[in-house]
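Fold and geometry: a report
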Amino acid sequence: MYKLKKIFATDSYIVPLVAILLGFLVGAAVMLIGGYDPIAAYGALFKRVFGSAYDFGEAIREMTPLMLTGLSVAFAFRSGMFNIGADGQVLIGMTAASVIGIKLAGLPAFLLVPLAVIGAGLFGGMWAGIAGYLKAKRGINEVITTIMLNWVALYLANYIVRTFLLIPGQNRSEDIPASMSLTFLNSIFDNARLHWGTVIALAAAVFFYIYLWKTKQGFEMRAVGLNSHAAEYAGMNVRRNVMKSMFIAGVFAGLAGAGEVLGVFHYQSVLAASPGYGFDGIAVALLGLTHPFGVILAAILYGMLTYGSAGMSFNADVPPELIRIVIGSIIFFIAAQGIVRWVLKPFYFKRKKEKVL
Amino acid sequence: MDLLTLGQMLNTTLVFSTALIFAALGGIFSERSGVVNIGLEGLMMFGAFAAAVGGYYAQDAGYETMAPWIGVLCAMAVGMLGALIHAVASITFKADQTISGTVINFLAAGSTLYLVKLLFEGAGETPLIDGFSKYPIPVLSKIPVIGPGLFNNYPTTYLAIILVIVVYYLLFKTPFGLRLRAVGEHPSAADTLGVNVNRMRYVGVMLSGMFAGIGGATITLTTTGTFAHNTISGQGFIAIAAMIFGKWNPLGAFGAAVFFGFSQAIRNYVQLFGWSQSIPQEFIYMIPYVLTIIVLVSAVGRSSAPSALGQPYDPSKR
C-alpha cells in the first residue's frame, strides 16, 4: 500500500498524463480554429479503434512495429546514441525474412518461421552494427551514418526483392508460405492480422529492462550513455559497448520487419520511399521517456491515435494529419516539463495547504 | 560525354545543392550556439509550405513578378516561427534538444498538410505556381561549359553562394560570431564575460529557422512548384549530414552540400554512359549515400562538434 501511494505521489506519472491531456487540448484548439468539431472528431477516433473487434485487432497490429522500433531507438538512446536508422534496419529485417521465407519455403513452418525471425533480427542488428562499428572505430557521428544507411537499405532491399523474389510482371515478391499469425486470436478479432510479433515486442521490452537494469553489461551500457569519459576512466570498454548497443537496437528493429512480412503482408513490395517506421519509433521512444515499459505504453497510445485518425477523417471530415499535431504537442509537453509543472502549480499548492490543515 | 552535358550536370548539381546549402547554414547557426537542431527537416517543411502558399496568394493578388520573393519572405517568417517553438522548449524550458527538434518535425508534417487541406478544400497539395526562372549572368554565362553550368542559375542559388561567404565572415570575423561560438563552446565563460547566453542561443535557433525556411522555399520555388506531403523527404536530414560532414563550418558545409548535389546529379546523368546500362539502377541510386560513408571513413575522421552542444545552460551549475 505504501509503495502504491508512493507511485502515485511522484509526479513522474502525472506529468506524462497531463502532457497527453494538453496535447489533446492543442489538437482541439487547432480543430476549432479550422472550423471542425473536436468532440465529433475525437469521438470518431475512439469509435474507430474500439468500435469493432476487427478494428481493435488491427490497431494492435499497428502498434506492434512501433513498439519494436521505439525500443530500438530507446535502447540506443540509453547508451548515448541517436539511432535515426531504425527505418533502414526494419527494411533489412523485412528483406531477410522474405528471402529466408521464400527461398527455404520447403521447410516445415515450425522451422521456417523461427529461422526467418532470427535471420531478420540478426541482419537488422548487423545493419545497425555498421553504424556502431564506424562510431566505435572511427568516431564517425552515428546520426550521419544511420541516415545514409536508411537510403542504402531502401535501395538494397528493392534490388534484392526485384532481382531475386519478384513475381514476373508485378512489383511485389512471391507470397511466403509460412506465417507467424496468431491463429486463435485472428478468429476472435474477426480476421484482424494479429501476429506473434506483438508477443515478441513485449518480450523484447522485458529483455530491455532486465538487461539494462539487472545485469553488469547493462550497467556498463548505461554508464557509457550517461558519461562515456567517466565510463572509460572506470575501465569500461566504451567502444565495445557502443557496438553492442547498436547491434541490439538493430535486432529490435529487424524483428519489427519480420513481423510485418511474416505476420501482416506475407510478401514484400518494391518501395518508392522508406516506410517511416523508424521515424515513428523515434517519437514512440521519446513519448515513452526511453524506458522499455514507457515505450510499450507510448506505442499503444501512438498506434491508437494513428489507426484512429483514419476514422476521424472518414466520419468527421477532419484531415488525419491533425493527429501528428496532437502527438507532436504531447512530446513537446513531455519534453518541456517546465510548462506542465507551471500548469500544475495551483494544484500542488492546494495539496500542500491541505497537509498543513 | 560531351561538354554540353557536362555543363548541364554542373547546373543540376547546383540546383540540387541550393536547398541543402541554406538548411546546412541554418543548422550551423543553431549548433554553433550549442543547440542541437534535428528539426531542420521540419523547418524546411514549414518553409516549403509557406513559400507555396505565400507565392500562390501573391500571384492571385496580381504580383506575378514579385510572387516568388514574397514566397521566400513568407518562408523566412514561418521558418522562424517554427524555430521559436524549438527555442522556447530547449532554451527556456531546458527540454532535451533532440526531443524538441523531433517535435518540430512532427508539428511541421502535421500542421502544413492540415493547413493545405484546410486552405485548398481538401486537396493534398497546393496549386501549382510559377517559381523562379533561371537568370543568366551577362558575359560570364557565355563561357563554354562553366558558363551554362555556373552562371545560368536560379537567383536563390546565387544568394546561397553569397550567403556562405557572409555567414563565414559573420561567424569567424565579427564579435557577434565570436559570441555565438563562445556560447556553444563554453557558455559559463561567455556568461562571465557578459554575453547573454540564452539570448545568443535564441538568435542562433531563430536564424536556423530562417535559413532552413529559405532552403525549403527553394525546393517549391525552383523544382516542384507545389507543396505536397513528399516535397520535403529527407533533405533536412541530408542537410544535417552536410553540416556535420563540413565540421560545422560554412565552407565545409557548402562543400558537402555540393557533393550531395553532385551525387544526385550523377544519378540523373549516369544513364548517358553506355557502361552504366549493366548496373542495376538501385546501385546508382545508392551512390550519394555510400560515397558519403566512404568519404567519412577515409578522409574526415573524428568530428569536432561545439563542446557545449546539447547542454541546456544552467547558470547555477557554473
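Counting from 1, residues in each chain are numbered in the order their sequence is written. The lettering of chains begins at A and the numbering of ligands begins at 1, in the order of writing. Per-residue local features of the predicted model are confined to residues with pLDDT of at least 70, and side-chain atom pairs are confined, for both listing and counting, to 80 or more; whole-chain, interface and lining totals are unaffected and use all residues. No hydrogens and no water enter the side-chain calculation; it runs on all heavy atoms of the structure.

Definition in use: UniProt positions are given in the numbering used here, feature names are shortened, and annotations may be inferred rather than shown by experiment.
Per an unreviewed UniProt entry, chain B goes by the name ABC transporter permease and belongs to Paenibacillus sophorae. Recorded in UniProt under Subcellular location (unreviewed entry), the annotation for chain B is "Cell membrane".

Under an unreviewed UniProt entry, the name given to chain A is ABC transporter permease, and the source organism is Paenibacillus sophorae. Recorded in UniProt for chain A, the comment headed Subcellular location (unreviewed entry) runs: "Cell membrane".

**Focus: the overall build of chain B**
Stated formally: Secondary structure is summarised from DSSP: a helix means a run of H or I of at least four residues, a strand means a run of E of at least two, and numbering begins at the N terminus for each. Only protein chains enter the accessibility calculation, which uses a 1.4 Å probe. A residue is then buried if its area is under 20% of the maximum for its type, exposed if over 50%, and partly exposed in between. Contact criterion: two residues are considered in contact whenever any of their non-hydrogen atoms come within 4.5 Å of each other. What sets the accessible areas is the Shrake-Rupley method with a 1.4 Å probe; for residues, cover comes only from the shown protein chains.
Tallying secondary structure elements over chain B gives 12 helices and 2 strands in all. Secondary structure elements of chain B, listed N to C terminal, follow the sequence α-α-α-α-β-α-β-α-α-α-α-α-α-α. Its C-alpha atoms give chain B principal-axis dimensions of roughly 65 × 50 × 40 Å. Across the 318 residues in chain B, those meeting the buried criterion constitute 55%. Contacts in chain B between residues far apart in sequence, at least 24 positions, make up 77% of those at least 6 positions apart. Surface accessibility of chain B: about 12800 Å² in total, with carbon and sulfur atoms responsible for 66%.

**Here we look at the overall build of chain A**
This is how it is decided: Our radius of gyration is a C-alpha quantity, and the globule rule it is checked against amounts to 2.2 Å times the number of residues to the power 0.38. The charge count treats Lys and Arg as positive and Asp and Glu as negative. His and the chain ends do not count. The location of each charge is read from NZ of Lys, CZ of Arg, CG of Asp or CD of Glu.
Check the secondary structure of chain A and you find 16 helices and 0 strands. In terms of overall size, chain A behaves like a compact globule, its C-alpha atoms giving a radius of gyration of 22 Å where 357 residues would be expected to give roughly 21 Å. Principal-axis analysis of the C-alpha atoms places the extent of chain A at approximately 75 × 60 × 40 Å. Taking all 357 residues of chain A together, 55% fall into the buried category. Taking all contacts inside chain A whose residues are at least 6 apart in sequence as the whole, residues at least 24 apart take part in 76%. As presented, chain A carries roughly 15900 Å² of accessible surface, and 67% of it is formed by carbon and sulfur atoms. Charge-centre separation for chain A: the mean point of 28 positive side chains lies 14 Å from the mean point of 17 negative side chains.

**Description of the pattern of salt bridges**
Residues and elements named next belong to chain A. Note the threshold: Any Lys or Arg side-chain nitrogen found within 4 Å of a carboxyl oxygen on Asp or Glu counts as a salt bridge.
All chains considered together, the criterion is met by 9 salt bridges over all chains. A salt bridge links R193 to E58; the shortest N-O distance between them is 2.8 Å. Highlighted residues: R193 in the loop between helix 8 (183-188) and helix 9 (197-214) and E58 in helix 4 (residues 53-78), separated in sequence by 135 residues. Across the salt bridge formed by R324 and D280, the nearest N and O atoms sit 3.8 Å from each other. Residue R324 is located in helix 15 (residues 322-335), and its partner D280 is located in helix 13 (residues 277-287); the two are separated by 44 residues in the primary sequence. Taking the relative accessible area as the measure of exposure, R324 reaches 29% and is therefore partly exposed.

**Focus on unusual backbone geometry**
Residue and element names in this part refer to chain A. Despite not being glycine, H266 shows a phi value in the positive range, around 65°. Of note in the backbone geometry, L289 takes a positive phi value of approximately 55° without being a glycine. Within the secondary structure, L289 sits in the loop between helix 13 and helix 14 (292-316).

**With respect to the interface of chain B and chain A**
The condition is simple: Take the accessible area each of two parts loses on contact, using a 1.4 Å probe, and add the two losses: that sum is the buried area. Each polar contact in these results corresponds to two N or O atoms within 3.5 Å; when the atoms are within protein, one needs to be able to donate a hydrogen and the other to accept it, and residues that are neighboring in sequence are counted only if both atoms are side-chain atoms. Ten residues, namely Ala, Val, Leu, Ile, Met, Phe, Trp, Tyr, Cys and Pro, are considered nonpolar, four, namely Asp, Glu, Lys and Arg, are considered charged, and the remaining ones, Gly among them, are considered polar.
Residue-level contacts link 44 residues of chain B with 50 residues of chain A. Both sides of the chain B and chain A interface together cover about 4000 Å² of buried area, and 79% of this is carbon and sulfur. The largest share of the area that chain B buries against chain A comes from F106, Y114 and Y289 of chain B, three residues that together contribute 19% of it. In this structure, the salt-bridge partner of E282 of chain B is R162 of chain A, at a minimum N-O distance of 2.7 Å. The interface formed by chain B and chain A includes 4 residue pairs in polar contact (both at pLDDT 80 or more). Broken down by secondary-structure element, the contributors of at least two residues to the side of chain B that touches chain A are helix 3 (67-92), helix 4 (97-119), helix 10 (235-245), helix 11 (250-269) and helix 12 (281-300) of chain B. Of all the elements, helix 4 of chain B adds the most residues to the side of chain B that touches chain A, at 13 residues. Considering only residue class, the side of chain B that touches chain A consists of 29 nonpolar, 10 polar and 5 charged.

**So, the UniProt feature "transmembrane region" (unreviewed entry) in chain A**
The UniProt entry lists residues 12-36, 112-134, 146-167, 194-212, 246-265 and 322-344 of chain A under the feature "transmembrane region" (unreviewed entry), expressed in the numbering used here. As annotated, residues 322-344 of chain A has a helix share of 96% and a strand share of 0%, and its two end C-alpha atoms lie 26 Å apart.

**Comments concerning the nonpolar core**
This is how it is decided: Take the buried residues of types Ala, Val, Leu, Ile, Met, Phe, Trp, Tyr and Cys, join any two whose side-chain atoms come within 4.5 Å, and each joined set is a nonpolar core.
Counting residues in hydrophobic clusters, the biggest one holds 202 residues, and the most contacted among them are V318 and L322 of chain A together with F211 of chain B. With 12 residues, helix 12 (residues 238-265) of chain A is the single largest residue contributor to this core. What L322 of chain A contacts, discounting residues up to four positions off in sequence, is G27, V30, M31 and M312 of chain A together with Y114 of chain B. In terms of nonpolar packing, the next biggest core, distinct from the first, is built from 6 residues, M9, A265, I266 and I284 of chain B among them.

**Brief notes about the UniProt feature "transmembrane region" (unreviewed entry) in chain B**
All names here are of chain B. Under the UniProt annotation, "transmembrane region" (unreviewed entry) lies at residues 6-28, 35-57, 69-91, 103-120, 154-172, 202-224, 236-262 and 283-301. Counted over residues 35-57, helix gives 78% and strand 0%. Its end C-alpha atoms are 34 Å apart. Spanning residues 69-91, this segment combines 100% helix with 0% strand, and its end C-alpha atoms are found 31 Å apart.

**Observations concerning the confidence of the model for chain B**
Formally: The predictor reports its confidence for every residue as pLDDT, a score running from 0 up to 100.
Confidence along chain B averages 87 in pLDDT terms, with 96% of residues attaining 70 or more. Interface confidence for the predicted complex, given as ipTM, is 0.85, next to a pTM of 0.88.

**Quick look at the environment of V143 of chain A**
Assignment of secondary structure puts V143 of chain A in helix 7 (residues 142-165). With 38 residues separating them along the chain, V143 of chain A and A105 of chain A place their C-alpha atoms 37 Å apart. Among residues more than four places away in sequence, those in contact with V143 of chain A are F82 and I84 of chain A together with I240 and I244 of chain B.

**A look at the side chain of S245 of chain A**
All names here are of chain A. Along the chain, S245 falls in helix 12. Residue class for S245 comes out buried when judged on its relative accessible area of 0%. Within the structure, the side chain of S245 is placed 2.4 Å from the side chain of S79, a separation counted as a polar contact. Look past the residues within four positions of S245 in its chain and what remains in contact with it is F75, A76, S79, M81 and M221.

**Considering the packing of aromatic side chains**
This is how the line gets drawn: Only Phe, Tyr and Trp rings are paired, with Trp represented by its six-membered ring, and only when their centres lie within 6.5 Å; those with planes under 30 degrees apart are stacked, over 60 edge-to-face, the remainder tilted. As a reminder, the over-ring test applies to NZ of lysine and CZ of arginine, requiring each to be within 6 Å of the ring centre and within 35 degrees of the ring normal.
One pass over the full model with this rule turns up 32 aromatic pairs over all chains. Their ring planes at 75° and their centres at 5.0 Å tell us that F75 of chain A and F208 of chain A sit as a pair that is edge-to-face. A residue pair is termed long-range when its members are at least 10 positions apart, and F75 of chain A in helix 4 and F208 of chain A in helix 9 qualify at 133 residues. F208 of chain A shares its class with F75 of chain A; the two are buried. Its end group placed over the ring of Y307 of chain A, R48 of chain A keeps NZ or CZ at 4.6 Å from the ring centre. Seen from the ring of F106 of chain B, R324 of chain A lies directly overhead, with NZ or CZ sitting 5.0 Å from the centre.

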